[in-house]
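One-letter residues, chain by chain:
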Amino acid sequence: MPQPLPSKEQTLFRSLVKHYEGKQYKKGLKAAEQILRKHPNHGDTQAMKALILNSQNQGDEAFTLCKLALKNDMKSHICWHVYGLLWRSVKNYEEAIKAYKFALRIEPNSLNILRDLALLQCQIRDYEGYIESRRKMMQERPQLRQNWTALAVAYHLAGNFAEAENILKTYEETLKQTPPKTDLEHSEATLYKNTIIAESGDTERALKHLDEVVRNSLDRTAALELRAKYLLKLGRSQEAEKAYRTLLDRNSEYRAYFDELEKTLGLSRSNAADIEKLKELYESYANKNERNDAARRIPLDFLKGDAFKTAVDQYLRRKLNKGVPSTFPNIKSLYRDPEKKAVIEELVLGYASDKQTNGSAQGEVNGDTSDRFEQSVLYFLAQHYNYVRSRDLKKANEYIDRLLEKDPKSVDYNQTKARIYKHAGDVQKASETINHARELDERDRYINTKCAKYQLRNNENENALNTMSKFTRNETVGGPLGDLHDMQCMWYLIEDGEAYVRQQKWGLALKRFTAIADIFDVWHEDQFDFHSFSLRKGQIRAYIDMVRWEDHLRDHPFFTRAAVQAVKIYLKLADNPRLSNADQTDLDKLDPVERKKAEKKAKKEREKAEKAEAEKKAAAAAKATAKGDDGETKKEDTDPSGEKLLQTKEPLEAALRFLRPMLELSPLNLEAQIVGFEVHLKREKYLLALKCLQSAQEIEPENPKLHEQSVRFRQAISKLSEPLPSQVSQVIKESFTTPSTDADLEAFNNDFLEKHSQSASHLQSAYNVRYLLDNSSKSQNEEDLKKILDLSDVTIEQAEAGLALLSEWKSDEEVKDDYRAKAASRWSGATVFKK
Amino acid sequence: MAEPQPSSISEGAADPHAPTGTAEDRKAAAALESLDAQEDGGEKKDVDNKALDKAMKGLNVKDKKGEEKKIVKVEAADVALLVAELELSKQKATELLRGNDGDAVKAMAAFVTT
């Protein structure tokens with residue numbers, strides 16, 4: 001029932017609305033109170049008041065009040081609209097959409113409601129609904145170009161290219177004259193239309209259209225790039241060549257242009273006959289510009305033999321003469337080819353011994369330059385012997401020490417020294433050394449950041465935060481760590497979390513990885529504003545790119561890395577719920593009576609501590625509601641150490657938050673499939689586990705972990721406590737064939753063992769399987785595991801994995817000590833094997 | 001992108017517009033809106049309203065090409081099985097079954113191997 005107000009209150013209500021829009025919440029509340037004093041059940045006023053309360057972080061009160069408002073005035077679109085806004089603010093989009101639709105039913109032509117509905121539909125990718133809403137909005141206000149464009153965008157995103165193009169065309173036809181060149185919105189809209197035509201697959205027409213509009217488009221680069229692309233696609237090589245050459249004249253360092261130019265010329269790097277032509281092509285570009293790098297560096301990728309040697313010699317001398325510090329990183333991708341690696345090593349060693357010529361190809365003599373050249377060469381060699389494909393840490397150390405003798409205050413040299421320690425496994429010394437490097441230049445943010453990372457690798461979480469704090473805004477709520485969260489400094493959060501994993505501080509680790517997942521949620525949330533903003537600004541192409549990027553947001557490597565770790569912690573929790581209680585893990589060893597006593601005691605202590613903590617918090621809350629020094633308020637973190645996360649009753653279900661996006665968006669990540677299998681097997685979702693197994697099989701059929709999991713899967717399904725639905729077992733029977741149903745698993749494992757007798761990881765997996773099949777083989781396995789350390793190419797990481805395996809088998813401390821001693825004798829620097 | 005915004009317009013996560021009730025409010029909101037639009041050069045003087053109206057009418061929703069879906073009978077029990085075992089939404093499970101002639105074993109095998 002609409003509730004009309006007397007005119008005085010009507011004026012008040014209008015001012016209430018105005019106050020809300022102007023964010024003058026206090027005044028707004030006052031006006032609302034004034035109306036409610038006379039008309040306590042006025043729904044619209046209550047709804048507006050709820051909206052203001054919600055803006056003041058009183059969400060619960062807002063919801064209660066808004067429900068009351070709806071009760072008082074079911075037929076008010078304002079109440080329903082506010083109800084939707086409240087749902088939106090807590091990110092429950094489905095409910096919000098429902099409420100908006102109710103509001104629309106009462107007031108079908110309200111642009112505000114329509115707009116809010118449309119934005120939400122786009123956010124949840126309900127394109128059919130989005131088209132409808134956008135159409136209505138366009139019909140309400142056809143004068144606004146953005147309404148037309150928006151409708152086209154809706155069709156485009158829904159995959160209906162023809163309709164999208166039609167909308168844009170129809171609008172263009174209503175224009176009496178072509179808009180002036182300065183009209184950015186028009187320029188963008190035409191280019192947008194062009195990309196729609198191209199995406200519909202009609203390149204021919206896209207090219208024709210582009211030629212018509214190119215004169216009026218303000219984004220020159222994009223227009224040129226599109227044109228070149230279309231020409232190449234249509235096979236009009238000569239014109240395409242010209243187009244790419246034009247682009248290269250504008251930017252001759254952009255590699256993609258060179259790649260495409262090669263294609264237009266029909267040259268192939270794998271064809272020996274073409275190599276000479278390619279070489280000439282790049283030489284012509286190199287000659288055009290003395291300082292151009294791309295044209296000189298690219299040929300090193302495809303040249304071979306003597307031609308490569310001459311070219312790389314020239315390239316290296318040039319860079320080393322100039323003392324370019326990034327020479328090695330720029331070159332190292334060539335090391336994939338062992339021949340090239342050998343040639344480069346020989347050449348640079350030659351420069352080092354051959355001081356007569358001072359390395360300069362032209363024989364230039366200049367005292368200063370020669371010293372620079374020598375240092376560059378030594379620095380190059382130090383990095384060379386430190387690099388994984390050409391590692392010889394002893395030599396690397398020699399070179400870096402020589403450099404440090406010359407220039408002990410160099411940040412770069414000290415950093416490389418630290419890096420060498422890191423590769424030797426000595427994270428302790430690495431951290432000390434890089435801290436020394438940092439102290440040499442405290443205003444260098446790069447070395448500061450590196451230093452924090454090395455400290456985290458050495459599990460010095462506090463020191464690292466202290467280091468980071470030199471460049472963070474420390475007056476933020478939560479101090480430096482709070483700022484790192486606000487700034488979404490993901491590398492730090494991940495490294496911090498991984499350091500906690502190594503220290504078995506599961507709560508804090510999980511806390512950090514959850515923070516990463518939260519950041520991705522924020523990114524997803526962030527696009528909301530752009531559904532309207534981009535249209536207002538007319539930047540449609542960038543907007544479309546963004547929407548598409550958001551759809552596969554979580555395939556980002558950072559997400560995967562944090563997610564794999566988080567899932568692993570949840571798996572541990574599922575195996576051992578006691579993990580959530582740090583003091584209890586040690587109690588396993590005590591006998592039951594003593595354990596009970598100890599547990600009781602621990603519980604009492606915990607309660608005491610909790611009480612003290614709560615009191616402290618209450619006192620702090622009374623003082624200020626988590627106010628930062630800069631006056632900004634923020635909700636207080638009630639679980640700073642992640643204890644609550646650990647106490648989850650359903651760790652496997654909680655793991656799905658991390659697992660699902662990974663399996664959906666990064667299906668080619670082997671680690672994701674491996675942890676996915678573990679989770680689904682534990683949840684007894686056998687088909688899902690099998691899917692992970694099959695995907696892993698496709699990625700790397702000989703992966704050792706896959707072997708372990710295949711055997712365990714066969715075991716699991718052969719001794720189920722209750723039978724699976726017949727259809728499910730039929731699918732498993734048909735799809736899961738290795739090892740076969742009646743296979744002798746031990747023999748199967750032995751075959752695997754023999755096949756990979758020289759690979760540390762495979763052997764470890766095979767021994768683990770042998771143990772799982774028959775745990776009487778434990779001592780044999782322990783012996784064999786130790787022997788792996790004798791293999792010539794076993795790495796520190798693999799040796800560490802072996803140690804972890806011993807813990808899994810619950811081997812005696814002696815056995816572990818033995819293993820550690822043996823590993824330590826092989827990697828004398830490595831800190832992980834020290835006791 | 002550099003033109004300054006009027007101070008009354010906050011970009012990005014602005015609070016949503018208030019739902020306006022009375023005719024006057026609507027007028028005020030419309031005025032505010034058009035102000036906004038002029039700032040962004042949205043509404044132009046040379047817009048031909050007649051042409052727009054005509055254009056809009058010409059846009060009438062075209063007959064949707066009814067995609068000829070194969071009529072496949074899908075058992076509710078099979079859908080429930082797929083939802084439980086593969087943790088798909090009901091809609092996806094139905095689609096998957098439809099794509100596999102309504103055969104649950106075939107559908108699940110296809111899901112597992114791809």
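Per an unreviewed UniProt entry, chain A goes by the name NMDA receptor-regulated protein 1 and belongs to Cucurbitaria berberidis CBS 394.84.

J.: Break down the overall build of chain A for me, with residues and values.
T.: If you tally the helices and strands in chain A, you get 45 helices and zero strands. Taken along its principal axes, the extent of the C-alpha atoms in chain A is 95 × 85 × 65 Å. Evaluated residue by residue, chain A yields a buried proportion of 50% over its 835 residues. Here chain A holds 135 positive side-chain charges and 133 negative ones, and the gap between their average locations is 4 Å.

J.: Requested: an account of helix α9 (residues 145-157) of chain A, with residues and values cited.
T.: Residue and element names in this part refer to chain A. Taking 1.5 Å of rise per residue, the 13 residues of α9 would be expected to cover 18 Å, and the 18 Å separating its terminal C-alpha atoms lies within 8% of that figure. Along α9, 13 of the 13 residues are buried, which leaves the element largely enclosed by surrounding structure. Looking one or two residues past α9, G159 carries a phi angle of roughly 90°, positive in sign.

J.: So, the packing of helix α38 (residues 686-699) of chain A against helix α40 (residues 726-735) of chain A: which residues are in play, and what are the values?
T.: Residue and element names in this part refer to chain A. Where α38 contacts α40, the axes come no closer than 10 Å and their chain directions differ by 15°. As far as their axial angle goes, α40 and α38 are roughly parallel. In this structure, α38 crosses over α40, and the sense of that crossing is left-handed. Touching Y686, L687, L690 and Q694 of α38 are V728, V731, I732 and S735, all from α40. Looking at the contact of α38 with α40 residue by residue, the classes come out as six nonpolar, two polar and no charged.

J.: Provide a residue-level description of the packing of helix α27 (residues 461-468) of chain A against helix α29 (residues 490-502) of chain A, including the pertinent values.
T.: All names here are of chain A. Relative orientation of the contacting elements α27 and α29 amounts to 165°, with a least axis distance of 11 Å. One way to sum up the angle between α27 and α29 is to call them roughly antiparallel. For the crossing formed where α27 meets α29, the hand is right-handed. Between α27 and α29, the residues in contact are N461, A464, L465 and M468 and W491, Y492, D496, A499 and Y500, respectively. Its residues placed into classes, the contact of α27 with α29 shows seven nonpolar, one polar and one charged.

J.: For the UniProt feature "repeat: TPR" (unreviewed entry) in chain A, give the residues involved together with the corresponding values.
T.: UniProt tags residues 77-110 of chain A as "repeat: TPR" (unreviewed entry). Helix makes up 79% of residues 77-110 of chain A and strand 0%. Its end C-alpha atoms lie 9 Å apart.

J.: Could you give an account of the environment of R317(A), naming the residues involved and the relevant values?
T.: With respect to the element layout, R317(A) can be found in helix α19 (residues 305-322). Along the sequence, R317(A) and A716(A) sit 399 residues apart, while their C-alpha atoms lie 62 Å from each other.

J.: Just give me the short version of the confidence of the model for chain B, but keep the residues and values in it.
T.: Residues and elements named next belong to chain B. Residues of chain B with pLDDT of at least 70 account for 49%, and the chain-wide mean is 68. Throughout residues 8-15 the model reports pLDDT below 50, and contacts reaching past four residues in sequence, or to other chains, amount to twelve contacts. Segment residues 63-67: pLDDT under 50, and zero contacts once partners within four positions in sequence are set aside and those in other chains are kept. The ipTM assigned to the predicted complex is 0.73, against a pTM of 0.85.

J.: Break down the nonpolar core for me, citing the residues and quoting the values.
T.: All names here are of chain A. Counting 77 residues, the largest nonpolar core has F13, Y83 and W148 as its most contacted members. Sequence-distant contacts of F13, defined by excluding residues within four places in its chain, comprise L5, I35, D44, T45, M48 and I78. Listed in part, the 66 residues of the second largest apolar core include L261, V312, A396 and L404.

J.: Outline the pattern of salt bridges, supporting the account with residue identities and numerical values.
T.: Residues and elements named next belong to chain A. Evaluation of the coordinates by the stated rule reveals 50 salt bridges over all chains. One salt bridge in this structure joins K755 and E702, with 3.0 Å as the shortest N-O distance. With K755 in helix α41 (residues 745-755) and E702 in the loop between α38 and α39 (704-718), this residue pair connects regions lying 53 residues apart in the sequence. What makes K755 exposed here is its relative accessible area of 57%. Judged by its relative accessible area of 32%, E702 is partly exposed. Residue K822 pairs with D790 through a salt bridge whose shortest N-O separation is 3.1 Å. Pair noted here: K822 is in helix α45 (residues 813-826) and D790 is in the loop between α43 (778-788) and α44 (796-808), with a separation of 32 residues, a long-range link.

J.: Let's hear about the UniProt feature "domain: Nascent polypeptide-associated complex subunit alpha-like UBA" (unreviewed entry) in chain B: which residues, and what values?
T.: The positions UniProt marks with the feature "domain: Nascent polypeptide-associated complex subunit alpha-like UBA" (unreviewed entry) are residues 72-112 of chain B. Structurally, residues 72-112 of chain B is divided into 73% helix and 0% strand, and its ends, taken at the C-alpha atoms, are 22 Å apart.

J.: Any details on the domain arrangement of chain A? Residues and values, ideally.
T.: It is common to give the size of an interface as the accessible area that goes away when the parts come together. In terms of domains, chain A is made up of domain 1 (7-199) and domain 2 (751-835). Placing the centre of domain 1 of chain A and that of domain 2 of chain A at their C-alpha centroids yields a distance of 63 Å.

J.: How would you summarise the environment of T795(A) if you had to cite specific residues and measurements?
T.: Residues and elements named next belong to chain A. Take T795: it is sitting in the loop between α43 and α44. For T795, a relative accessible area of 32% translates into the label partly exposed. With 32 residues separating them in the primary sequence, T795 and W827 have C-alpha atoms 9.5 Å apart.

About the criteria used
Residues numbered from 1 in each chain as written. Chains lettered and ligands numbered in written order. Predicted model: local features only at pLDDT ≥ 70, side-chain atom pairs only at ≥ 80, totals over all residues. Heavy atoms only, no water. Helix = DSSP H or I, 4+ residues; strand = E, 2+ residues; numbered from the N terminus. Buried < 20%, exposed > 50% of the residue type's maximum accessible area, 1.4 Å probe, protein only. Lys, Arg positive; Asp, Glu negative; His and termini not counted. Charge placed at Lys NZ, Arg CZ, Asp CG, Glu CD. Expected span 1.5 Å × (residues − 1). Axes fitted to C-alpha atoms, helices over the stretch in contact; angles between N-to-C directions. Parallel < 35°, antiparallel > 145°, perpendicular 65-115°, else oblique. Left-handed = near helix turned anticlockwise from the far one by under 90°. Contact = heavy atoms within 4.5 Å. Nonpolar A, V, L, I, M, F, W, Y, C, P; charged D, E, K, R; others polar. UniProt positions renumbered as here; feature names shortened; annotations may be inferred. pLDDT = per-residue confidence, 0-100. Core = buried A, V, L, I, M, F, W, Y, C linked by side-chain atoms within 4.5 Å. Salt bridge = Lys/Arg side-chain N within 4 Å of Asp/Glu carboxyl O. Domains from an automatic or database assignment.

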